[in-house]
Amino acid sequence: MAQWVEVSLRVDGEAAEALAYELQRWCHQGVAVEYADLPQDKLDEDQVPPPEMLIVRGYFAHDDRTPATQQAINQAIGYMNMLYPMPQPVYHIVDDEDWGEAWKKHYHPVRIGRRILIRPAWIDLQPQPEDVVIALDPGMAFGTGTHPTTQLCLEALEDLMQPGLDVIDLGCGSGILAIAAAKMQAAKVVAVDIDPLAVKITGENAAANGVAALIQAHTGSLETLITSARRFDLALVNILARTIIAMCAEHLGDLVRPGGRAIFSGIIHDQADDVEAALRRTGLLPVARRQQGDWVLIEARRPPAE
Ligand code: SAH
């Protein structure tokens, strides 16, 4: 059975933010910060937490890279410790089965962009009338809206989306981007992932959000899409720089209709130039970048047909 490593540190409010930011580089689905001793609903909203009362917690896959990841995290925290006192990280191994549940405890509503509100499926909220609300039960798939790469995509999507577009979500994870596009009146969304579990969860999340009829989720990748004749007005690709670059050599740009647009995320700042060069080689024109911390999103368009 697959396992996860939980990493947690108990710190004060000042350290928590920097630490959460740092840990996001390794942790699947982002990092949660919670009050250490009191349940959150017992605290007044404006109560400032006393020192040493926050726990920063994240999860990464337990595999043959675990020792290297732990070493990298320890080293990063060691560097931080030179500037501000940091405790030793505590590591626990968690079974895959328990992890989905473990995560739930630390997953809270997130507001992104101007009107997107990600709501954990088990929490009730009162949205504003214009809000685009996405209820998510992330299960074991990536995409809870807490990760900077996902947030950058949602912000870009909010700006680029228009009613009636055909959208492709390549590497759909939990389906968060596909659902956001569907709720912003896409004509249809194709959601694809190499991980069958992600495809299953995308289907479930689409149904829970009332947009199942608009989203076709299936297992696959670029090859399956390129060999079908389907082309899209907007491509959402939040994978990783090296995967995007490899896909560019396999005609990634052809997925986008002439005059269409695409966003690419999962790119560390240093890799952005290489990704842009690869995009140009596949016929796409990088037009803008967005950045959150070290993460960059690249917006591109395909020139209109002559
Ligand atoms: N779109 C979601 C999830 C991004 S995580 C979000 O923005 O939050 C990246 C997803 O891409 C994972 O679910 C992973 O399984 C999938 N993936 C990785 N490599 C892929 C490939 N070559 N083809 C298709 N999907 C891939």
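Residues numbered from 1 in each chain as written. Predicted model: local features only at pLDDT ≥ 70, side-chain atom pairs only at ≥ 80, totals over all residues. Heavy atoms only, no water.

1. Some words on helix α9 (residues 272-281)
Line of reasoning, step 1. Looking at α9, one finds that the buried residues are Ala272, Val275, Glu276, Ala278 and Leu279. Buried residues of α9 fall within an arc of 160° about the axis and therefore sit on the same side. Exposed and oriented more than 90 degrees from the buried face of α9 are Asp273 and Arg281.
Line of reasoning, step 2. One or two residues past the end of α9 sits Gly283, with phi positive at roughly 90°. (Buried < 20%, exposed > 50% of the residue type's maximum accessible area, 1.4 Å probe, protein only. Helix = DSSP H or I, 4+ residues; strand = E, 2+ residues; numbered from the N terminus. Arc of directions from axis to C-beta.)

2. Thoughts on the packing of helix α1 (residues 13-23) against helix α2 (residues 66-83)
Line of reasoning, step 1. Closest axis-to-axis distance for the α1/α2 pair is 11 Å, and the angle between their directions is 150°. For the element pair α1 / α2, the angle class is roughly antiparallel. In the crossing of α1 with α2, the sense of the turn from one axis to the other is right-handed. From α1, Ala18, Leu19, Glu22 and Leu23 reach across to α2, where they touch Ile73, Ala76, Ile77 and Met80.
Line of reasoning, step 2. Across the contact of α1 with α2, the residue classes break down as seven nonpolar, no polar and one charged. (Axes fitted to C-alpha atoms, helices over the stretch in contact; angles between N-to-C directions. Parallel < 35°, antiparallel > 145°, perpendicular 65-115°, else oblique. Left-handed = near helix turned anticlockwise from the far one by under 90°. Contact = heavy atoms within 4.5 Å. Nonpolar A, V, L, I, M, F, W, Y, C, P; charged D, E, K, R; others polar.)

3. Here we look at the confidence of the model for the chain
Line of reasoning, step 1. Residues with a pLDDT of 70 or more make up 87% of the chain, whose mean pLDDT is 87.
Line of reasoning, step 2. For the stretch residues 39-43, pLDDT sits under 50, and the model shows four contacts to residues farther than four places along the chain or on other chains. (pLDDT = per-residue confidence, 0-100.)

4. Quick notes on the site of the ligand
Line of reasoning, step 1. In the vicinity of the ligand there are 18 residues, among which Thr150, Gly171, Asp193, Ser221 and Asn238 approach most closely.
Line of reasoning, step 2. Cys172 has a polar backbone atom sitting 3.5 Å from a nitrogen atom of the ligand.
Line of reasoning, step 3. Asn238 places a polar side-chain atom, nitrogen or oxygen, 2.8 Å from an oxygen atom of the ligand.
Line of reasoning, step 4. Those elements giving two or more residues to the shell around the ligand turn out to be α5 (176-183) and α8 (241-248).
Line of reasoning, step 5. Classifying every residue of the shell around the ligand by side-chain character gives seven nonpolar, eight polar and three charged. (Near = heavy atom within 4 Å. Polar contact = N/O pair within 3.5 Å; in protein donor to acceptor, adjacent residues only side chain to side chain.)

5. What about the packing of helix α4 (residues 148-160) against α5?
Line of reasoning, step 1. Axis separation between α4 and α5 bottoms out at 10 Å; the angle between their running directions is 15°. Considering the angle they form, α4 stands roughly parallel to α5. Note on packing geometry: the crossing formed by α4 with α5 is right-handed. Between α4, through Thr150, Cys153, Leu154 and Leu157, and α5, the contact on the second element is made entirely by Ile176, Leu177, Ala180 and Ala181.
Line of reasoning, step 2. Considering only residue class, the contact of α4 with α5 consists of seven nonpolar, one polar and no charged.

6. Examining a nonpolar patch on the surface
Line of reasoning, step 1. On the surface, Tyr79, Met82 and Leu83 cluster together into a nonpolar patch covering about 430 Å² of accessible area.
Line of reasoning, step 2. Here Leu83 falls in the exposed class, since its relative accessible area comes to 76%. (Patch = residues over 30% accessible without salt bridge, like charges linked within 9 Å, V, L, I, M, F, W, Y side chains within 5 Å. Areas by Shrake-Rupley, 256 points an atom, 1.4 Å probe, with all protein chains shown as cover. Salt bridge = Lys/Arg side-chain N within 4 Å of Asp/Glu carboxyl O.)

7. Description of the side chain of Asn205
Line of reasoning, step 1. For Asn205, the position within the fold is in helix α6 (residues 196-208).
Line of reasoning, step 2. What Asn205 contacts, discounting residues up to four positions off in sequence, is Leu136, Asp137, Ser174 and Ile179.

8. Overview of the pairing of strand β3 (residues 54-62)
Residues in a regular strand point their side chains to alternate faces of the sheet.
Line of reasoning, step 1. With seven of its nine residues buried, β3 lies for the most part within the structure.
Line of reasoning, step 2. Examined bridge by bridge, strand β1 (residues 3-11) and β3 share nine bridges and lie antiparallel to one another. Paired with Val7 across the bridge in β3 is Gly58. (Pairing = 2+ DSSP bridges.)

9. Focus on the pairing of strand β7 (residues 132-136)
Line of reasoning, step 1. A large share of β7 lies buried, amounting to five of its five residues.
Line of reasoning, step 2. Residues Val132, Ile134 and Leu136 line one face of β7 and the alternating positions Val133 and Ala135 line the opposite face, and both faces are buried.
Line of reasoning, step 3. Note that strand β6 (residues 116-120) and β7 share five bridges and pair parallel. Paired with Leu117 across the bridge in β7 is Val133.

10. Looking at α5
Line of reasoning, step 1. Counted residue by residue, α5 has seven buried out of eight residues, so it is predominantly covered.
Line of reasoning, step 2. One or two positions beyond α5, positive phi appears at Gln185, with a value near 70°.

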